[in-house]
Amino acid sequence: WEFNGSFYQPSAFLMMGIPGLEALHPWISIPFCALYLSALLGNCVILFIIRRTPSLHEPMYYFLCMLALTDLGLALCTLPTTLGLFWFGVRRIGFDACLTQMYFIHILSFIESSVLLAMAFDRFMAISHPLRHPAILTRSTVLKIGLAIVLRGVLSLLPIPFLLKRLTYCGRTELSHSFCFHPDIMNLACADIKVNVFYGMIVLLSTVGTDFVFIVLSYILIIRTVVSLTTREECLKALNTCVSHICAVLVFFIPMIGLSMIHRFGKNVPPLVNTLVAYTYLIIPPALNPVIYSIKSTHIREALLRALCRKRG
């Protein structure tokens, strides 16, 4: 402990695996390894295929590259502490290291939310205004959108580590997960955390909450456009281009909203439920998104098959 008058700050926190199943952690690590391997390999393959295939150099696939990079970052943020805990029983994480991990986890989560919004806008433009789509979403515009997304996440979350460092912690050092999460750290403090709670809610609602609302509005406008199409085949073709994105949105937002609700209002929720929702939120989307897009996107699937055939040849 670091002592300075009445100010206490732990030198480290203790991470928690899956409560009640500590003896099974080596076996539980097997599906986690499979998910991390899927996330790392799948997203690297997506990036490689898009980079090597000129026909995929379009706004939709540029945004998919951003999503893949974000998913890679999320997987790499939680992999060392999660597998370190399951394999070697390493529970201790330094205070500053924990704040750093927390900062990057939240930044990447916010970036993923914003990228999903950009992808929804791309689908809206492609379906509702197909003639204007190439002129509006040029390569430079997509790059500017990407930079704006990153700056938005970095700047909006910049005060969070400093707000946590100013708090006094009094004895409890056990986190609820095998990674560091803002509400989890905040609830270990014995000081007034109203500023942290208020700022966290404001940032969450003004970023992820706003993104979700605009994604829903985008799909309302897309459905209006699709309904006006003359033939059933055109309707199905237009909607089919959105299936992968809809799946990615659901896989990301449902666990995120659930985890936020549990941390703020679920005081009586069993720890096992809290843990499973947290792992679903941070590990499942990076592992599933490459699979979803590889299965549903004909262009990516064909490019992947061509690449495999060239290697075999």
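The following refers to the structure shown. Computed from a prediction, not measured in an experiment: that's the story for all the values here.

Conventions we followed
Residues numbered from 1 in each chain as written. Predicted model: local features only at pLDDT ≥ 70, side-chain atom pairs only at ≥ 80, totals over all residues. Heavy atoms only, no water. Core = buried A, V, L, I, M, F, W, Y, C linked by side-chain atoms within 4.5 Å. Buried < 20%, exposed > 50% of the residue type's maximum accessible area, 1.4 Å probe, protein only. Helix = DSSP H or I, 4+ residues; strand = E, 2+ residues; numbered from the N terminus. 1 Å grid on protein atoms, 1.4 Å probe; cavity = no way out; pocket = protein on both sides within 12 Å on 5 of 7 lines; lining within 4 Å. Points joined across faces, edges and corners; volume = space filled by probe spheres on them. Nonpolar A, V, L, I, M, F, W, Y, C, P; charged D, E, K, R; others polar. Disulfide = S-S within 2.5 Å.

Okay, the nonpolar core next. Core analysis: the biggest nonpolar cluster contains 91 residues, and F13, L64, L116, L164, Y169 and I185 have the highest contact counts within it. With 18 residues, the top contributor of residues to this core is helix α3 (residues 95-128).

A few words now on the layout of surface pockets. One number sums up the size of the largest pocket: a volume of about 540 Å³. If you trace the largest pocket, you find 21 residues lining it, with M60, Y61, R123, T241 and H299 closest to the centre. For the lining of the largest pocket, the secondary-structure elements that each account for two or more residues are α2 (59-88), α3, α4 (133-136), α9 (232-240) and α12 (298-312). Examining the composition of the lining of the largest pocket, we find that four residues originate from one element, α3, more than from any other. In terms of residue class, the lining of the largest pocket is built from eight nonpolar, eight polar and five charged. Taken as a whole, the second largest pocket holds about 470 Å³ of empty space.

Before going further, it helps to examine the state of the cysteines. Counting across every chain of the model gives one disulfide. Shown here is the disulfide that connects C98 with C180, its sulfur atoms set 1.9 Å apart. What sets the handedness of the C98 and C180 disulfide is the S-S torsion sign, and at about -120° it is left-handed. Note that C98 is positioned in helix α3 and C180 in the loop between α6 (159-165) and α7 (182-186), a separation of 82 residues in sequence. Residue classification places C180 among the buried residues on the basis of a relative accessible area of 0%. With no disulfide of its own, C33 has C44 as its nearest cysteine by sulfur position, at a separation of 17 Å. Its relative accessible area of 23% is what places C33 among the partly exposed residues. Between C247, a cysteine without a disulfide, and C242, which holds the nearest cysteine sulfur, the sulfur-to-sulfur distance is 11 Å.

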